[in-house]
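Fold and contact review
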Amino acid sequence: MIHVLQRVGRLVSAPRRWQSTSIVLRPYQEQCLVSCTDALRDGLTRIGVSLPTGSGKTTVFISLLEKLAKPAPHAKRALIIVNSIELARQSAEQWSVEIEQGVKHKASGSADVTVATYQTLLQQERIAKFEPDKMKAIIVDEAHHAAAPSYRRILSYFDSEIRHPDHDDETFASVEPITQHKIPIIGFSATFSRHDGLALGSVFQHIVYHRDFLEMIKEQWLCNVRFTSVTANIDLKNVTVSSATGDFNPTSLAQVINTETLNKLVVQTWLDHAGERRSTLVFCVNIAHVEALTDMFRQAGIDARYLYSKTPALERRAIVTAFRAGQFPVLVNCAILTEGADIPNIDCVIVARPTRSKNVFAQMIGRGMRLSPTTGKVDCRIIDFVDSNNRVTGVMSTPTLFGLDPAEIGSILDESLEDLEERAKEAASRLDSEDNVPAPKTVTYIDYDDPLSFLKMTKAAAEHPHISKLSKHSWFAIGEEKYILECLNKGHISVEFVPEDPEHGPHWAATYTPAALDRATAFALKVSPFMRTRKVLTALQLDEAIRGCDTYALKKVVHGPMALGLLRSAKWRQAPASDSQKAFITKRWKIDTELGDSVTVRKAERIAKLTKGEAANIISGLKHGAMAYHQKKAKAAAKSKQVQSKEKERRSRTNVAVGPLHAN
C-alpha cells in the first residue's frame with residue numbers, strides 16, 4: 001500500500017494543507033514503481049515506462065512522485081508534461097495541482113506538482129517559471145511524442161544531455177540548465193515506440209517496465225474483447241504516405257475511405273454485430289468523413305453525435321459527459337479521442353480509418369478496454385475493416401495484431417482473444433512444418449526470367465511443365481503471360497495475355513507474324529524480316545489458345561513433313577549448336593553480365609555444350625523481349641525487396657521491450 005499526499009482544494013495559487021490518502025496499487029503497478037526506483041538508484045536519470053490504456057498510468061506516476069527521494073534538499077517540485085488540455089484536466093480532476101495551459105490557466109511555478117501542456121511550455125516566458133534547480137522530477141505523459149523537436153526543446157531546458165533540435169544551427173545559443181543535480185525524467189506511454197524513425201533514445205536511456213495490453217486482458221486488469229474484422233474492397237495502393245509521420249495522409253486516405261459504399265458497410269456491420277452496444281466510439285479519417293459517417297448512422301435511425309478539432313471546448317465537454325453517462329449510443333470522432341480519453345463505459349470501438357501505425361491502432365482500440373463494472377460492461381467489441389485483396393503491406397488490423405495474414409484468414413465475425421491466439425499458433429505451426437524439410441544433397445539454381453540463364457534454357461520444358469502438357473510443340477515462355485512458337489523461318493506465333501479489354505474482358509490473344517525475308521538479307525537491307533502481324537484467335541483459357549494455335553500452325557504455316565520440326569523432340573533440336581548461334585550468345589552474355597575468370601570459363605563450357613534447340617530458345621527469347629522482361633522483373637523485385645526491408649525496419653521500431661534505447 002502506498003500513501004500518496006493529496007492537496008485539498010482545486011487549482012491552487014497559494015500554499016494549502018496536505019492530507020494523506022491511501023491508494024491500494026495493483027501488483028503490476030507496484031512492480032512498475034520498484035523498477036523505476038531501482039533504475040534511478042542505479043544511476044539512470046531518463047527512463048521510460050510502457051503501460052497500456054486503462055492500466056492507471058496517472059496513479060502510477062503520481063505514486064512514483066510521492067515515493068521518489070529529493071535529489072537535492074531544495075528540489076521538491078514536479079512537472080507533468082502532457083500533450084492536450086484534456087489530459088491536463090484529467091490529472092487536475094484526480095489530483096489537486098496547478099495547470100499551466102493557454103490563457104486561462106497560469107501556474108505560479110512554485111507548486112509541488114504542476115501539469116502543463118507542451119504547447120504552452122514552448123513559450124520562453126512560461127517555461128522560465130520552472131527553475132531546474134528546484135525540480136524533483138519531470139513526468140512526460142504520452143511519452144512516445146518525446147522524440148519530436150517540440151518536446152526536445154522543452155526537455156533540453158532541464159537536461160543538457162538531451163540535444164536541442166536547433167543545436168547545429170549557427171545562431172543557436174546553448175544554455176546549460178542551472179542545477180547541481182540530475183533531474184529524473186520519466187516517460188509514460190501506452191505505445192512506447194515511434195514508426196516515423198525518430199529515436200526515443202534521443203530522450204530516454206532505458207525502458208524499465210513494459211506490460212502488453214494482451215497480458216493485461218488475460219489477467220483481467222482490462223476487459224475482455226470480442227473481435228470483428230470485415231474484409232472489403234479498400235484499395236490503398238495510391239494513398240500517399242506522410243514522410244513526417246510514416247502514416248497515410250488523411251486527405252489522400254479519405255478519398256478512398258469516405259465513400260457511400262464503405263460508410264454503409266460500417267453502419268450495417270455495427271447494426272449486425274454491435275447494435276445492442278450502449279457506447280460505441282468511432283474513429284474516422286478527417287472532418288468530412290466524420291460528418292458523412294455520422295449522417296449515415298442517423299439515416300439508419302441511430303442517435304450518433306460527433307467531435308472534431310473545431311468543436312468548441314464547452315460543447316466538446318458536454319458531448320463527452322453525455323456519452324460517458326450513456327445518453328446516446330454512438331460517438332464519431334477524428335483524432336480527438338485517440339489519446340487521453342477516459343470513458344470506461346465504451347463497449348465498442350469501430351476503426352473506420354486504416355493506419356500503418358501500430359501505436360495509433362493500439363491507442364484507438366485501447367479506448368474500449370477499461371473496466372467498467374458499474375455500467376454493466378462485460379466486454380468490448382472491436383470492429384475494423386481490411387482490404388480483401390491485401391494490396392498494401394504494413395496496414396495495421398486485428399489480424400496483423402496477432403501476426404496473422406488478413407488475406408489468408410478472411411473476415412473475423414466474432415472471435416475472442418483466445419480464439420485469435422489459437423489461430424496464430426496454428427499459422428506458426430504450419431510455417432514450422434513447411435520449414436521442417438531434409439537438407440538437400442545438391443542444389444540447382446534456376447532464374448526463371450533471365451533469357452541468358454543457361455540452367456533455364458537447357459531445361460525449358462521442365463521449367464514450364466504446363467506448356468509441355470498442353471502441346472508437343474516447342475513453345476517457350478517469356479514470363480507467365482507470353483508464349484512463342486517459332487515456325488522454322490516462316491515467322492512465329494505469339495500467345496499473350498490481355499488483362500483488360502472493354503469488349504472481351506481478360507483473355508488470351510494469339511497472332512501470327514510471317515517472315516518475308518531471311519535474317520541476313522533483312523539485315524543487309526536494314527528492314528524488318530517480318531510482314532504485318534495477323535490475328536489468329538482469342539480465348540478465355542490458355543489451353544484453348546495453345547491448342548488453337550497448334551492447329552493454325554499445321555494448317556496455315558508449316559505443312560507436311562516440315563511440321564515435325566516444330567516438335568520439342570525434333571532431331572534438329574538435339575544437334576550441337578552452330579558456330580553462329582554460339583558466337584551470338586557469347587557476345588550477348590559478355591555485354592550483359594560482368595563475370596570473374598572462373599565464372600567465364602564455366603559459362604564458355606556451357607555454351608560449347610549447347611544444342612541447336614537450346615540455343616534457338618535463347619536467341620528467340622532475346623528477339624521477343626525476354627531480356628527487357630527480365631530487367632523489368634528484376635527492377636520490380638529489387639523495389640519490392642527495398643519496400644519490404646523498409647517495412648520490416650519500420651515494424652521493428654514499434655516493438656517495445658524492457659532494455660536500453662538507442663539515440664539513432
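Preceding block: the structure.
Calculation rules
- Just so you know, the residues in each chain are numbered from 1, in the order the chain's sequence is written.
- Reporting of local features is limited, given that this is a predicted model, to residues whose pLDDT is at least 70; pairs of side-chain atoms are given and counted only at 80 or more, and all residues count toward the totals for whole chains, interfaces and linings.
- The basis for every side-chain value is the complete set of heavy atoms in the structure, and neither hydrogens nor water enter the calculation.
- Each residue's exposure class comes from its accessible area (1.4 Å probe, protein chains only) as a fraction of the maximum for that residue type: buried when under 20%, exposed when over 50%, partly exposed otherwise.
- The helix and strand labels rest on DSSP assignments: H or I over at least four residues marks a helix, E over at least two residues marks a strand, and numbering proceeds from the N terminus.
- Following DSSP output, two strands are said to pair if at least two bridges run between them.
- Orient the strands so they point away from the viewer, and a crossover whose first-strand-to-second-strand path over the helix runs clockwise is right-handed.
- To get an axis, a line is fitted to the C-alpha atoms, and for a helix only the part in contact is used. The angle between two axes follows their N-to-C directions and goes from 0 to 180 degrees.
- Only heavy atoms matter for contacts: two residues are in contact if any of them lie within 4.5 Å across the pair.
- When an angle is under 35 degrees it counts as roughly parallel; over 145 it counts as roughly antiparallel; between 65 and 115 it counts as roughly perpendicular; any other value is oblique.
- Throughout, a crossing is termed right-handed when the near helix is turned clockwise from the far one, and left-handed when it is turned anticlockwise from it by less than a right angle.
- In this classification, the charged set is Asp, Glu, Lys and Arg, the nonpolar set is Ala, Val, Leu, Ile, Met, Phe, Trp, Tyr, Cys and Pro, and all remaining amino acids, among them Gly, are polar.
- Any carboxyl oxygen of Asp or Glu that lies within 4 Å of a side-chain nitrogen of Lys or Arg is treated as forming a salt bridge with it.
- Between the first and last residue of a helix there are one fewer steps than residues, each counted as 1.5 Å, and that sum is the expected span.
- Working note: the arc is built from the helix axis to C-beta atom directions.

Attention now goes to the pairing of strand β13 (residues 330-333). Here β13 shows no split at all, with V330 and V332 on one side and L331 and N333 on the other all buried. Sheet analysis places strand β11 (residues 280-283) next to β13, joined by four bridges and oriented parallel. Across the sheet, V282 pairs through a bridge with V332, a residue of β13. Here four bridges tie strand β12 (residues 304-307) to β13, and the two strands are oriented parallel to one another. Looking at β13, one finds that L307 is bridged to N333. Once the chain exits β12 it traverses helix α11 (residues 313-324) before rejoining the sheet at β13, and the crossover so formed is right-handed.

Our focus in this paragraph is the sheet that holds β13. Sheet strands associate in pairs through backbone hydrogen bonding, adopting either a parallel or an antiparallel arrangement. The strand order β12-β13-β11-β14-β15-β10-β16 describes an open sheet built from seven strands, whose pairing is mixed. The sheet terminates laterally at β12 and β16 (412-416), the two strands that pair on one side only. Sheet twist, expressed as the mean angle between neighbouring strand axes with direction ignored, is 20 degrees. Of the strand pairs in this sheet, strand β14 (residues 348-351) and strand β15 (residues 379-387) are connected by four bridges, and their pairing is parallel. The partner of V351 across the bridge, within β15, is D384. Relative to β15, helix α9 (residues 260-274) is tilted by about 150 degrees, and along the sheet it contacts β10 (224-232), β11, β13, β14, β15 and β16.

When two helices pack together, their arrangement is captured by the angle between the axes and the distance separating the axes. Two elements in contact, helix α1 (residues 27-41) and helix α2 (residues 57-67), have axes whose closest approach is 10 Å; the angle formed by their N-to-C orientations is 45 degrees. Relative to α2, the element α1 is oriented oblique. Crossing hand, α1 versus α2: right-handed. Of α2, the residues touching α1 (which contributes Q29, C32, L33, C36 and T37) are T59, V60, S63, L64 and K67. Broken down by class, the residue content of the contact of α1 with α2 amounts to five nonpolar, four polar and one charged.

On to the sheet that holds strand β17 (residues 476-477), then. Taken in spatial order, the five strands make up an open sheet running β17-β18-β19-β20-β21, and their pairing is antiparallel. Each edge of the open sheet carries a strand with a single partner, namely β17 and β21 (534-539). Sheet topology note: the strand β20 (residues 507-514)/β21 ladder contains five bridges and is antiparallel. Paired with A509 across the strands is T538, a residue of β21.

With that settled, consider the side chain of T294. Positionally, T294 belongs in helix α10 (residues 287-299). A relative accessible area of 1% places T294 in the buried class. When neighbours within four sequence positions are excluded, T294 is seen to be in contact with A304, R305, Y306 and V332.

As enumerated under the stated definition, the model contains 21 salt bridges in all. Of the charged contacts in the structure, one is a salt bridge between D159 and K182, with a shortest N-O distance of 3.1 Å. With a gap of 23 residues between them, D159 in the loop between α6 (149-155) and β8 (185-189) and K182 in the loop between α6 and β8 connect regions that are remote in the sequence. The residue R305 makes a salt bridge to D303 at a minimum N-O spacing of 3.1 Å. Its relative accessible area of 29% is what places R305 among the partly exposed residues. On the accessibility criterion, D303 (34% relative accessible area) is partly exposed. A single salt-bridge network, built from bridges that share partners, covers R46, D159, E161 and K182.

Attention shifts here to α10. Over its 13 residues, α10 extends 18 Å from the first C-alpha to the last, a length consistent with the 18 Å expected when each residue adds 1.5 Å. Within α10, the full set of buried residues consists of H289, V290, L293, T294, M296 and F297. The buried side chains of α10 occupy one side of the element, clustering within an arc of 155 degrees when seen end-on. Elements in contact with the buried residues of α10: α8 (250-257), α9, β11, β12, β13 and β14. G301 occupies a position one or two residues after α10 and carries a positive phi of about 85 degrees.

We now examine the pairing of β15. Within β15, nine of the nine residues are buried, which leaves the element mostly enclosed by the surrounding structure. A two-sided burial pattern is seen for β15, the buried positions comprising D379, R381, I383, F385 and D387 on one face and C380, I382, D384 and V386 on the other. Two strands pair when backbone bridges link them, and β10 and β15 are joined in this way by nine bridges, in the parallel orientation. Along β15, the bridge assignment pairs R226 with R381. On the question of chirality, the crossover connecting β14 to the parallel β15 by way of helix α12 (residues 358-366) is right-handed.

Quick look at the packing of α9 against α10 now. As a packed pair, α9 and α10 sit with axes 9 Å apart at the nearest point and diverge in direction by 50 degrees. As far as their axial angle goes, α10 and α9 are oblique. Along this stretch, α9 crosses α10, giving a crossing that reads as right-handed. The segment α9 lies against α10, with E260, N263, K264, V266, V267 and W270 engaging H289, A292, L293, M296 and F297. Residue classes in the contact of α9 with α10 are distributed as seven nonpolar, two polar and two charged.

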